[in-house]
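These are the residues of each chain, in order.
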Protein chains: 2
Amino acid sequence: MYRSQVQCDTCSNNLCLIKKSLISDEDKRLSQQKVNLNCKKGQQFIMEGTPVSGLFFIYKGKAKVLKTGIYGKEQILRLVKNGETIGHRGFGTKKKYGISSVALEDSILCNFSNETLELMMKKIPKLTYELMLFYADELNRSETKVKTLAQMTVREKVIDALLFIHRKFGTNHKGCINIQLSRQEIADYSGTTVEQVIRTISSLKSEGLLTCVGKTISINNQGQLKNEISEHNFYLDQ
Amino acid sequence: MYRSQVQCDTCSNNLCLIKKSLISDEDKRLSQQKVNLNCKKGQQFIMEGTPVSGLFFIYKGKAKVLKTGIYGKEQILRLVKNGETIGHRGFGTKKKYGISSVALEDSILCNFSNETLELMMKKIPKLTYELMLFYADELNRSETKVKTLAQMTVREKVIDALLFIHRKFGTNHKGCINIQLSRQEIADYSGTTVEQVIRTISSLKSEGLLTCVGKTISINNQGQLKNEISEHNFYLDQ
DNA sequence: CGCCTATTTGAACCGGGTCAAGCATTGTGG
DNA sequence: CCACAATGCTTGACCCGGTTCAAATAGGCG
């Protein structure tokens, strides 16, 4: 995990909450107090239970956000990519991270310390507002996930997970989803076991709904897959 | 659902985000644009999928926040009491409620319209900040619930639910939990079925860990119950 | 009192988690 | 560059927890 400096000014992640909120030159000067981290695939940069050290943003790369449960069983809560935010609430009462985060590929992170962030929020109301919208949005997603886990069958959960990563990470020119997850990771996201994920994917393959070679998956019939879980998604698009 | 006017000035809910954020006289004047609603037990005051009409606060009473799933199966996401907030993100991009909310007893609500709220947030940075903290906190809770639902057994989920309502709503002088939930509602919160809730409660009764008469429950051995689910709750207290 | 709903208990069934074994793929060191 | 270990993927078989169905009982309310 070595360091290098990326400038918000020249950053291409226009959806980044910080970038979006920097208006005055003073704002931009403040933003330079951030620290950049290079993080290799598989590396854990947030550990549940350790003291909060500010907010992270993905400058480039992908990561998973998870909670570790009983007997080390992981529950993946979110998947994040360029421009997105990690590190729930590094200020206020909570002093410890409630989640862990691990890089899914070699990534570059931006880290704003608690102090810098508080300073920035005081000076930049728009940033506080953007953060609020971010958390509200995440809350919506999380609550949808609660329902999903409680009510869907395994097949539906796996389909939901595959459609989600398809939507979130997009596809390359061959139609393959732009992220490589292990079967275990898909299981950890879906809230089931590796074997069930494999069985479901096998079925979907033999039904012609998707194609996959190793970890590379492409969805053939998005419509029908969506249809299978449509009863669960009346009002939300995740 | 008839109307009457409660003043923030004289309100006793000191934890209310609005109340906490009102500093200047102008702030207080703004807060008078809210509307009060009287709501009977069982009445639904937010319906999933309908246009957002601002943020609600419980002035007095209790309510459940839920999502309706396939075949009408409910998933209760939160339980709220005096001073607490309902109505996720009535501003920004989302135009429809992603949740429903129903009064659990006769309640008085405060409702701030989208316009009033936006005006207030612009004028009162502390309010935006408080809202952000609120959503961040809720996100933590929700993500813990995701793990809970995905990893706990039915018995553990029911215990978790009972300990939660015990903690949240407290007990009266006889040690009985200050809220009356149907078995169905406990099931909807725990993410299981009525029968399982009943079976679990029966077991816990015969093990002497709790006592109950009808919907009135009191917990006898909180320590042992906590102990049963301790492996799942290393870092969070909900 | 009688209807309706909520609660409780028993029994049957089944989805999905667990275990085990074989195969494929990747990686590492000689 | 190959051999072999380690890890990940896949499939089949089994079994258990939990949902579903049914029926009986208790409780609430006009």
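Computed from a prediction, not measured in an experiment: that's the story for all the values here.

Thoughts on the side chain of Thr 144 of chain B
Inspection of the secondary structure assignment puts Thr 144 of chain B in helix 4 (residues 125–151). Engagement of the side chain of Thr 144 of chain B in a polar contact is seen with the backbone oxygen of Asn 140 of chain B, the distance being 3.0 Å.

Looking at the packing of helix 6 (residues 183–190) of chain B against helix 7 (residues 194–206) of chain B
Residue and element names in this part refer to chain B. Taken N-terminus to C-terminus, the directions of helix 6 and helix 7 make an angle of 100°; their axes are 8 Å apart at the nearest point. When the axes of helix 6 and helix 7 are compared, the pair comes out roughly perpendicular. Only Val 194, Val 197, Ile 198 and Ile 201 of helix 7 make contact with helix 6, whose side of the interface consists of Arg 183, Gln 184, Ile 186 and Ala 187. Here the contact of helix 6 with helix 7 is composed, by residue class, of six nonpolar, one polar and one charged.

Notes on the packing of helix 5 (residues 154–169) of chain A against helix 6 (residues 183–190) of chain A
All names here are of chain A. Packing of helix 5 against helix 6 brings their axes to within 9 Å, and their N-to-C directions diverge by 110°. In this view, helix 5 runs roughly perpendicular relative to helix 6, as classed from their interaxial angle. Across the interface between the two elements, Lys 157, Val 158, Ala 161, Leu 162 and Phe 164 of helix 5 pack against Ile 186, Tyr 189 and Ser 190 of helix 6.

Brief notes about the protein's contact with DNA strand D
In the vicinity of DNA strand D, 14 residues are found, and the nearest of them are Arg 183, Ile 198 and Ser 202 of chain A together with Thr 192 and Gln 196 of chain B. In DNA strand D, atoms within 4 Å of the protein come 59% from sugar and phosphate. At 2.7 Å, a side-chain N or O of Arg 183 of chain A approaches a phosphate oxygen of DNA strand D. Between Ser 202 of chain A and DNA strand D, the recorded distance is 2.5 Å, taken from a side-chain N or O atom to a phosphate oxygen. For the surface near DNA strand D, the secondary structure elements donating two or more residues are helix 7 (194–206) of chain A together with helix 7 of chain B. Looking at side-chain class alone, the surface near DNA strand D contains two nonpolar, six polar and six charged residues.

Looking at the relation of the copies chain A and chain B
Comparison of the two chain copies shows a relationship of rotation about an axis with a shift along it. Of the transformation placing chain A onto chain B, the axial shift is 0.0 Å and the rotation is 180°, giving an RMSD of 0.0 Å. Expressed as an axis order, the relation between the two copies is that of a two-fold axis. Considering only C-alpha atoms, the part of chain A nearest the rotation axis is Met 132 of chain A, at 2.1 Å. A shared interface surface links the copies, since 100% of the contact residues of chain A are contact residues in chain B too.

Some details on the domain arrangement of chain A
All names here are of chain A. Annotation of chain A at the domain level lists domain 1 (17–142) and domain 2 (152–232). Placing the centre of domain 1 and that of domain 2 at their C-alpha centroids yields a distance of 27 Å. Facing twelve residues of domain 1, the contacting portion of domain 2 comprises twelve residues. On the domain 1 side of the interface with domain 2, the three residues burying the most area are Lys 62, Ile 76 and Leu 79, jointly 46% of the side's total. Counting the contacts that link domain 1 with domain 2 gives two salt bridges. Applying the counting criterion to the domain 1 and domain 2 interface returns eight residue pairs in polar contact (both at pLDDT 80 or more).

How each quantity is defined
- Residues numbered from 1 in each chain as written.
- Chains lettered and ligands numbered in written order.
- Predicted model: local features only at pLDDT ≥ 70, side-chain atom pairs only at ≥ 80, totals over all residues.
- Heavy atoms only, no water.
- Helix = DSSP H or I, 4+ residues; strand = E, 2+ residues; numbered from the N terminus.
- Polar contact = N/O pair within 3.5 Å; in protein donor to acceptor, adjacent residues only side chain to side chain.
- Axes fitted to C-alpha atoms, helices over the stretch in contact; angles between N-to-C directions.
- Parallel < 35°, antiparallel > 145°, perpendicular 65-115°, else oblique.
- Contact = heavy atoms within 4.5 Å.
- Nonpolar A, V, L, I, M, F, W, Y, C, P; charged D, E, K, R; others polar.
- Near = heavy atom within 4 Å.
- Least-squares fit on C-alpha atoms with pLDDT ≥ 70 in both.
- Domains from an automatic or database assignment.
- Buried area = accessible area lost by both parts, 1.4 Å probe.
- Salt bridge = Lys/Arg side-chain N within 4 Å of Asp/Glu carboxyl O.

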